[in-house]
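Read off the chains here:
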Amino acid sequence: MVLIEDDKVAKTFPSKGYLLSWMRILFKQTKAHKQDRSMRSLNRVGLVTPEPLGVLNFYPGTSPYEAALLYRYVHEIVDVSEALKGAKRATILRNLERELAVMANNGILFVDFHFRNVMADPAGNLCWIDVEVKEGMKVVRKSFWSRIVRMNEDCDPGVLSEEEWQAFQDGIRSQLNDPGQFLPA
């Protein structure tokens, strides 16, 4: 990630080789393109991400990078794993429950959900980063709970107590349009 102006950032992604990079650029399938589309998908359902500004493609063979995602830098935020140590813990957890349910209800699955891919401002409002999503109710219904469980067991073990973990799951479940449609973890 490189700050290129006062508030603009370029996040670069490595080349996948000459031919593969050409194909990925041509069909807009680079990681930068995917994250740009994913950020816009979350924005469409009312969730906050850094403002996406577009994708800059590099000429394959002339750079170690394939593409760069350009977006606005967000000031005064910290990752949720750090923010949960503060006074806004309950607010942040309620916001996470609500926003994960918004994604699920809109057929959006956050592929790499863990507390370091969500930022919080001093008031406990969330901003989703390193965004890559899959869309469609079928994939969400199949994988939603397993992603949530993976976050708790593999990515961020011990951040939530047993009681908080149960309340977190219950909070999400209570906000799902049709909780019975989601495969159990």
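Scroll up for the structure.
Residues numbered from 1 in each chain as written. Predicted model: local features only at pLDDT ≥ 70, side-chain atom pairs only at ≥ 80, totals over all residues. Heavy atoms only, no water.

1. With respect to the overall build of the protein
Then step 1. Regarding its fold elements, the protein presents six helices and nine strands.
Then step 2. A compact globule built from 185 residues would reach a C-alpha radius of gyration of about 16 Å, and the protein, at 18 Å, matches this within 12%.
Then step 3. Overall, the C-alpha framework of the protein stretches about 55 × 35 × 30 Å when taken along its three principal axes.
Then step 4. Burial statistics for the protein: of 185 residues in total, 42% are counted as buried.
Then step 5. The long-range fraction of contacts in the protein, counting pairs at least 24 apart against all pairs at least 6 apart in sequence, stands at 67%.
Then step 6. Accessible area of the protein: about 9,800 Å², with a carbon and sulfur share of 53%.
Then step 7. Averaging the locations of the 24 positively and 24 negatively charged side chains of the protein gives two centres separated by 7 Å. (Helix = DSSP H or I, 4+ residues; strand = E, 2+ residues; numbered from the N terminus. Rg over C-alpha atoms; globule rule 2.2 N^0.38 Å. Buried < 20%, exposed > 50% of the residue type's maximum accessible area, 1.4 Å probe, protein only. Contact = heavy atoms within 4.5 Å. Areas by Shrake-Rupley, 256 points an atom, 1.4 Å probe, with all protein chains shown as cover. Lys, Arg positive; Asp, Glu negative; His and termini not counted. Charge placed at Lys NZ, Arg CZ, Asp CG, Glu CD.)

2. Section: the nonpolar core
Then step 1. Grouped together as the largest cluster of nonpolar side chains are 42 residues, with contacts concentrated most on Leu96, Phe113, Trp128, Phe144 and Phe168.
Then step 2. When residues of this core are assigned to their parent elements, the largest contribution, seven residues, is made by helix α4 (residues 89-105). (Core = buried A, V, L, I, M, F, W, Y, C linked by side-chain atoms within 4.5 Å.)

3. Some remarks on the environment of Pro50
Then step 1. You can see Pro50 is positioned in the loop between α2 (31-44) and β3 (52-57).
Then step 2. In this view, Pro50 contacts Met39, Tyr71, Arg72, Val74, Cys127, Trp128 and Ile129; residues no more than four positions away in its chain are not counted.

4. Some remarks on the side chain of Thr49
Then step 1. Among the structural elements, Thr49 can be located in the loop between α2 and β3.
Then step 2. A distance of 3.1 Å separates polar atoms of two side chains, one belonging to Thr49 and the other to Asn43. (Polar contact = N/O pair within 3.5 Å; in protein donor to acceptor, adjacent residues only side chain to side chain.)

5. A word on the packing of aromatic side chains
Then step 1. All told, the structure shown has nine aromatic pairs when counted by the stated rule.
Then step 2. Taken together, a centroid distance of 5.1 Å and an interplanar angle of 75 degrees make the contact between Phe144 and Trp145 edge-to-face.
Then step 3. Among the aromatic residues, those joined into a cluster by ring pairs are Phe110, Phe113, Phe115 and Trp128.
Then step 4. If you follow Arg173 out to its NZ or CZ, it ends over the ring of Trp145, 4.6 Å from the centre. (Phe/Tyr/Trp six-rings, centres within 6.5 Å; stacked < 30°, edge-to-face > 60°. Lys NZ or Arg CZ within 6 Å of the ring centre and 35° of its normal.)

6. Observations regarding the pattern of salt bridges
Then step 1. Following the criterion strictly, the structure yields 13 salt bridges and no others.
Then step 2. Two residues, Asp156 and Arg116, come together in a salt bridge whose shortest N-O distance is 2.5 Å. Taken together, the residues Asp156 in the loop between α5 (137-155) and α6 (162-175) and Arg116 in the loop between β6 (108-110) and β7 (118-120) connect sequence positions 40 residues apart.
Then step 3. Asp156 gets classed as buried once you look at its relative accessible area, which sits at 3%.
Then step 4. Salt bridges linked by common partners bring Asp7, Glu51 and Arg72 together as one network. (Salt bridge = Lys/Arg side-chain N within 4 Å of Asp/Glu carboxyl O.)

7. Section: the sheet that holds strand β1 (residues 2-3)
Then step 1. Pairing is antiparallel across the open sheet formed by four strands, whose spatial order is β1-β2-β4-β3. Of all strands in the sheet, those bounded by a partner on one side alone are β1 and β3.
Then step 2. Here α2 sits on the sheet and contacts β2 (8-14), β3 and β4 (65-72); the angle it forms with β3, its principal contact strand, is near 165 degrees. (Pairing = 2+ DSSP bridges. Axes fitted to C-alpha atoms, helices over the stretch in contact; angles between N-to-C directions.)

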